Amino acid sequence: MAIEIKKFKKILIANRGEIAVRIHRACQELGIQTVAVHSTADNDALHVKMANESVCIGPAQADKSYLNIPAILSAAEVTDVEAIHPGYGFLSENAKFAQIVEKLGFTFIGPKHNHITLMGDKVEAIKCMIKTGVPTIPGSGGAISDVEDAVKIANKIGYPVLIKAAAGGGGRGMQVAHSDLALRKAVLIAKAEAKAAFGDDRIYLEKFLEKPRHIEVQILADMHGNVITLGERDCSMQRRYQKIIEESPSPAINDKQRKYISDLCVKICKDIGYIGCGTVEFLYENDEFYFIEMNTRLQVEHPVTEMVTGVDLVKEQINVAMGHELRIKKNDIELRGHSIECRINAENAETFRPSPGKVTEYFVPGGPDVRVDSCLYNNCTISPYYDAMVAKLIVHGSTREEAISRLQRALNEFIVGGVDTILPLHQRLVSTNAFAKGEYNIHSVGRFIENKRL
Ligand code: MV4
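All of these numbers come straight from a predicted model, not from anything done at the bench. (Residues numbered from 1 in each chain as written. Predicted model: local features only at pLDDT ≥ 70, side-chain atom pairs only at ≥ 80, totals over all residues. Heavy atoms only, no water.)

**A few points about the overall build of the protein chain**
Test applied: To qualify as a helix, a DSSP run of H or I must reach at least 4 residues; to qualify as a strand, a run of E must reach at least 2; elements of each kind are numbered from the N terminus. Only C-alpha atoms enter the radius of gyration, while the globule expectation follows 2.2 Å times N to the 0.38, with N the number of residues. Accessible area is worked out with a 1.4 Å probe on protein chains only. A residue is then buried under 20% of its type maximum, exposed over 50%, and partly exposed in between. Contacts between residues were defined by any pair of non-hydrogen atoms, one from each residue, lying within 4.5 Å. For the accessible areas, the method is Shrake-Rupley and the probe is 1.4 Å, while residue cover comes only from the protein chains on display.
Tallying secondary structure elements over the protein chain gives 15 helices and 20 strands in all. Rg of the C-alpha trace for the protein chain: 22 Å, near the compact-globule value of 22 Å for 454 residues, within the 12% margin. The principal-axis extents of the C-alpha atoms in the protein chain amount to approximately 60 × 55 × 45 Å. Across the 454 residues that make up the protein chain, the buried fraction comes to 57%. A sequence separation of at least 24 residues applies to 67% of the contacts in the protein chain between residues at least 6 apart. Just so you have it, the protein chain exposes about 18,800 Å², and 50% of that area is on carbon and sulfur atoms.

**What about the packing of helix α5 (residues 113-120) against helix α6 (residues 122-132)?**
As a reminder of what qualifies: Note on definitions: angles span 0 to 180 degrees between N-to-C directions of axes, and those axes are lines fitted to C-alpha atoms, for helices only across the stretch in contact. Relative orientations are named as follows: roughly parallel for angles under 35 degrees, roughly antiparallel for angles over 145 degrees, roughly perpendicular for angles from 65 to 115 degrees, and oblique for any other angle. In this classification, Asp, Glu, Lys and Arg are treated as charged, Ala, Val, Leu, Ile, Met, Phe, Trp, Tyr, Cys and Pro as nonpolar, and every other residue, Gly included, as polar.
Relative orientation of the contacting elements α5 and α6 amounts to 95°, with a least axis distance of 5 Å. Taken together, the axis directions place α5 and α6 in an arrangement best described as roughly perpendicular. Along the contact surface, α5 presents Leu118, Met119 and Gly120, while α6 presents Lys122, Glu124, Ala125, Cys128 and Met129. Taken together, the residues of the contact of α5 with α6 sort by class into five nonpolar, one polar and two charged.

**Some words on the state of the cysteines**
Our working definition: Whenever a pair of cysteine sulfur atoms sits within 2.5 Å, that pair is classed as a disulfide.
Enumeration according to the criterion identifies zero disulfides in this entry. Free cysteine Cys235: the closest other cysteine sulfur is in Cys342, separated by 13 Å. Note on Cys235: relative accessible area 1%, which makes it buried.

**A word on the pattern of salt bridges**
Selection rule: Counted as salt bridges are all cases of a side-chain nitrogen of Lys or Arg within 4 Å of a carboxyl oxygen of Asp or Glu.
Summed over all chains, the structure comprises 35 salt bridges. Note that Glu82 is salt-bridged to Lys9, the shortest N-O span being 3.9 Å. Placement of the pair is Glu82 in the loop between α3 (69-79) and β4 (83-85) and Lys9 in the segment before β1 (10-13), with a sequence separation of 73 residues. Here Asp263 and Lys259 are joined by a salt bridge, their closest N and O atoms 2.6 Å apart. One end of the pair, Asp263, and the other, Lys259, are both in helix α9 (residues 255-272), four residues apart, so they sit about a helical turn from each other. Overlapping salt bridges, with partners in common, bring together Glu216, Arg233, Lys243, Glu246, Glu301 and Arg343 in one network.

**Comments concerning the nonpolar core**
Put simply, the test is: Joining through side-chain atoms within 4.5 Å is the link that ties buried Ala, Val, Leu, Ile, Met, Phe, Trp, Tyr and Cys residues into a set, and such a set is a nonpolar core.
One finds Ile245, Leu393, Phe414 and Phe435 to be the most contacted residues of the largest nonpolar core, which totals 40 residues. Put simply, the parts of the chain that give this core at least two residues each are β11 (242-248), β14 (338-345), β17 (370-374), β19 (389-397), α12 (400-413), α13 (423-429), α14 (433-437) and α15 (444-451). Here this core gets five residues from one element, more than from any other, and that element is α12. When sequence neighbours within four positions are dropped, the list of residues in contact with Ile245 reads Asp234, Cys235, Met237, Ile340, Glu341, Cys342, His426, Leu429, Val430 and Phe435.

**Looking at the pairing of β1**
Cut-off, in case you're wondering: Here the rule is simple: two strands pair whenever DSSP picks up at least two bridges between them. Here the term right-handed applies to a crossover when the path leading from its first strand over the helix to its second strand runs clockwise, the strands being oriented away from the viewer.
Neither face of β1 is left uncovered, since the one carrying Lys10 and Leu12 and the one carrying Ile11 and Ile13 both have all their residues buried. Here four bridges tie β1 to strand β2 (residues 33-39), and the two strands are oriented parallel to one another. Of the residues in β2, the one forming a bridge with Lys10 is Gln33. What joins β1 to β2 is helix α1 (residues 17-29), and the crossover it makes is right-handed. Two strands pair when backbone bridges link them, and β1 and β4 are joined in this way by three bridges, in the parallel orientation.

**Quick look at the site of the ligand**
Selection criterion: Near, as used in this document, describes a residue that has one of its heavy atoms within 4 Å of the molecule or strand being considered. Here a polar contact means two N or O atoms within 3.5 Å. Within protein one must be a hydrogen donor candidate and the other an acceptor candidate, and residues neighboring in sequence count only if both atoms are side-chain atoms. As annotated, the domain borders come from an automatic or database domain assignment.
By nearness alone, 18 residues border the ligand, and Lys164, Glu206, Lys207, Leu209 and Glu293 come closest of all. Take Lys164: an N or O atom from its side chain is 2.9 Å from a nitrogen atom of the ligand. Here Glu206 contributes a side-chain N or O atom positioned 2.9 Å from a nitrogen atom of the ligand. For the ligand, the accessible surface in isolation is 520 Å², of which the surrounding protein chains cover 92%. Contributions of two or more residues to the shell around the ligand are made by β6 (161-165), β8 (203-207), β12 (276-285) and β13 (288-295). A class-by-class count of the residues in the shell around the ligand yields nine nonpolar, four polar and five charged. In this structure, the shell around the ligand is formed jointly by two domains, domain 2 (138-207) and domain 3 (213-451), each of which donates at least three residues.

**Brief notes about the sheet that holds strand β7 (residues 175-177)**
Within a sheet, adjacent strands bond to each other through the backbone by hydrogen bonds, running parallel or antiparallel. Read from one edge of the open sheet, three strands run β7-β6-β8, paired in antiparallel fashion. Two strands in the sheet have a free side with no partner beyond their single neighbour: β7 and β8. In this sheet, adjacent strand axes meet at a mean angle of 30° when their direction is disregarded. As judged from the five bridges shared by β6 and β8, these two strands associate in the antiparallel manner. Bridge pairing in β8 places Val161 opposite Lys207.

**A closer look at the domain arrangement of the protein chain**
To be explicit about the condition: By buried area we mean the combined loss of accessible area, with a 1.4 Å probe, across both parts when two parts are placed together.
Here the protein chain is partitioned into domain 1 (10-109), domain 2 (138-207) and domain 3 (213-451). For domain 1 and domain 3, the distance between their C-alpha centres works out to 23 Å. The interface of domain 1 with domain 3 comprises 34 residues on the first partner and 28 residues on the second. A buried area of about 2,300 Å², summed over both sides, lies between domain 1 and domain 3, and 63% of it is on carbon and sulfur atoms. Together, Glu18, Arg22 and Glu93 form the three largest contributors to the area buried by domain 1 at its contact with domain 3, with a combined 27%. Our enumeration of links across domain 1 and domain 3 arrives at 11 residue pairs in polar contact (both at pLDDT 80 or more). For the side of domain 1 that touches domain 3, the elements supplying multiple residues, two or more each, are α1 and α2 (46-50). Considering every element that reaches the side of domain 1 that touches domain 3, the biggest residue donor is α1, with 10 residues. Its residues assigned to classes, the side of domain 1 that touches domain 3 shows 16 nonpolar, nine polar and nine charged.

Below, the structure written as structure tokens:
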């Protein structure tokens, strides 16, 4: 069957903040007009100022605006766009939204809704990976039927074990258990919590990995059967499931391991017929990789991949959605140098309390191989209603050492006045010996905050 090539003239960006700005920039370069949607709290937001048109879709609370499907669809109708880009968060992994967008004749700039559904169900995703031959963490390999089932599996794989919600993801609804007694209690708690949070009480069990790294692979796939991987990102520098520093390539793995996970990801995408951009997440411990989740969206940390591959992921994502073939078809894309991203949250660097308010001074670092993706401008206001991440500082260097010194230099130049940011935390983190050596895991930042050492 011939694939219809569409030419988008106008895209609605169903998001806010730095990612809405990022998507707008890609559209401009492709000669595509943009429509911003916004809440009343975002009347003066940068993404609204930059867009060619804008529509107010509701009050400040996200569920009444950025998550308001009828309001967003109405905005798409009245502005006569061909496509909707969901960004990350909000409606980006809402399969029902993707389905209704397509049903109304718009293009959803993302994967097919059935792939969002598949990967949103963590139990089904793991079953799919087992079928494809992707290594997963020893565990139940499916939903647990009852408490005794859980105890049996735990005794087979050994404690500690981790209980996860099938409808969870991103760390929501997890419980560690170190004994039969604790497990019996945790299963009941986890089920009740999953039921309350997701309306789905299915849970599954895995061996708890004590000191893993979080390594994820970026993929792109088109409608013509081409699948490419664009290297990996190491996202282990995180606090409470929120990544704060990401880098590519991972300082922990070698080229042979890189090729191994890349090949796994190509196989996954080909097996399920995945289209669009996506990320396959692995935990890495003791030289082994284990699949944990697949994200069916553009991610916050996509710029580090762009810096080492030279590929504009957002433009490529839009091109693929129009039915074009990927412009880069070889799978062994060239990875050049090293890139690191620091997420700049408007939070106190010690207490992590959000710090909304007016930005009274704003100076952005510059110089070679420094990039800032941000929604800030001088005298703008950071709203208390949304995520505290207001900017990302991304650097590139020919080596990891060069990238780190450039990052230190750029962090020192960065000024955000009037509100607290975690810039001082970043300065301390990237100046540790452990970070210089690339020796960190998912617990390192938490420990650093407590003991001032990685
Ligand atoms: C794990 C784990 C240890 N063992 N699974 C947290 C988010 C979700 N994507 C999976 N997560 C984890 N799964 C087993 N069997 C530790 C984590 C985890 C984590 C993973 C990635 C990045 C940050 C994390 C922070 C805490 C726990």
